[in-house]
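Report on the structure
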Amino acid sequence: MAGACGGWARGGGRRGASAVAVLLSPLRAALGLPGKEKGLGAPALAPRRCSSAAGLGARGDNGVSVSQSVRGERIRVRGGRLRRVCLRRVCLYRVSRPRGVCRPKSSVSFLTRPDRPNLAYHRLKGRNPGIIFLPGFNSNMNGQKAMALEDFCNSLGHAFIRFDYTGCGSSEGKFEECTIGKWRKDVLSVLDELADGPQILVGSSMGGWLMLHAAIARPDKVAALVGVAAAADHLVTTFKKLPIEAQKEIEEKGEWKFPTKYNEEGYYSLRYDFIKEAENHCVLNSPIPITCPIRLIHGMKDDDVPWQISMQVADRVLSKDVDVILRKTGQHRMSEKEDTKLLVNTVDDLIDKLATLA
């Protein structure tokens, strides 16, 4: 069993096989496949891999897709259409830990850098493509999305890295002295020093901005991107929307109290120099030279970062393989159960896609 509450474990046995048989019945009928009496009963199913966090291939309430396998192939229902996708991995079923049983604390390692503060990180070794989670502004590596992805990767045997930016979480450095440029270098340090082989970057909020820079700087190592409420250029564009008088006042004071609902003060204190430096890293003013597969998930109830930013990113990147996924009731943190399922499913689908391209 995986190490987290509601983790993942290998499926199997008579009980799991019976459940698969029930799920597959309507799919067999729709495809004209023989039933159990013709030799396709659940006990005879070949090893398979479900792509869903909901277990047994179901995609939950959002209707994204339902998938399961017959003799090594996945039968996928998507938008009312049936198709088969060849499988190469073993099926994983979702299991739940007993209530009150929590995940063991994972040890934190540090990436030492002679010229910059040391970065706190946690790494799972495994096969490629690896997954790297990039947190949001003033966030850390212990959030719900990062832990869900770690559980998922642990169950599949894929490599996974989560880390804290300089001045955030357990990493060294002072938050007040940080810039977008310094955090960009943090991401590149993790890619260069900790990750081996192709990686899927999952960027949350500001992490969605930084993942774009990483893909531009390391195109041979970044195999795909997943943005969750990607906040590309957001701090800069928000500042520039302020009245000219307010911008001048911030420049004179040297400080911008950026409103937020995620701390007791109700604002983040940003240096004016932070904003000016961030202008050097804006990406939406010109075509973005990224050609890998990109998936952008955004909640339409996001009051912090407008979902239209994800649409702008999709429009600006050169890649033709771009999907924007809007959650009608999703908020900025995308922390609801169905949001997390959607994220894990999206990453899982990209792993499958990259396997077919290899």
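The notes below deal with the structure included here. (Residues numbered from 1 in each chain as written. Predicted model: local features only at pLDDT ≥ 70, side-chain atom pairs only at ≥ 80, totals over all residues. Heavy atoms only, no water.)

1. Side note on the nonpolar core
Convention followed: Only buried residues count toward a nonpolar core. Its members are Ala, Val, Leu, Ile, Met, Phe, Trp, Tyr and Cys residues joined through side-chain atoms within 4.5 Å. Relative accessible area decides the class of each residue, using a 1.4 Å probe on protein chains only: under 20% of the type maximum gives buried, over 50% gives exposed, and in between gives partly exposed. In DSSP terms, a helix is any run of H or I states spanning at least four residues, a strand is any run of E spanning at least two, and both are numbered starting from the N terminus.
Among the nonpolar cores identified, the biggest contains 56 residues, and Ile132, Phe137, Tyr165, Trp183 and Leu225 are the most heavily contacted of them. Looking at which element gives the most residues to this core, the answer is helix H4 (residues 206-217), with seven residues. Counting 25 residues, the second-largest nonpolar core is a separate cluster that includes Leu124, Leu156, Ile351 and Leu354.

2. Quick word on helix H2 (residues 144-156)
Along an α-helix, residues three or four apart share an orientation, since each turn contains 3.6 residues. To be explicit about the condition: One less than the residue count of a helix, multiplied by 1.5 Å, gives the span that helix is expected to have.
With 13 residues, H2 should reach 18 Å at 1.5 Å per residue; the first-to-last C-alpha distance of 19 Å fits that figure. Of all 13 residues making up H2, eleven are buried, and the element is well covered by its neighbours. Of all the positions in H2, only Lys145, Ala146, Met147, Ala148, Leu149, Glu150, Asp151, Phe152, Cys153, Ser155 and Leu156 are classed as buried. Gly157 occupies a position one or two residues after H2 and carries a positive phi of about 80°.

3. Quick word on the environment of Ala215
Quick reminder of the rule: In this analysis, two residues are considered to be in contact whenever any of their non-hydrogen atoms come within 4.5 Å of each other.
Of note, Ala215 is situated in helix H4. Spatially, the C-alpha atom of Ala215 lies 9.8 Å from that of Ile288, the residues being 73 residues apart in sequence. Every residue in contact with Ala215, bar those within four places of it in the chain, is listed here: Val222, Leu225 and Ile290.

4. Let's talk about the pairing of strand S14 (residues 294-299)
Put simply, the test is: Should DSSP find at least two bridges between two strands, the strands are regarded as paired. By convention, a crossover is right-handed whenever its connection, traced from the first strand over the helix to the second and viewed with the strands pointing away, goes clockwise.
Here S14 lies mainly inside the structure; six of its six residues are buried. Residues of S14 alternate between two faces, with Ile294, Leu296 and His298 on one and Arg295, Ile297 and Gly299 on the opposite face, all of them buried. As paired elements, strand S11 (residues 222-228) and S14 share four bridges and run parallel to each other. Bridging across to S14, Val226 finds its partner in Arg295. In this region the chain leaves S14, passes through helix H8 (residues 308-316) and returns to the parallel neighbour strand S15 (residues 322-327); the handedness of that crossover is right-handed.

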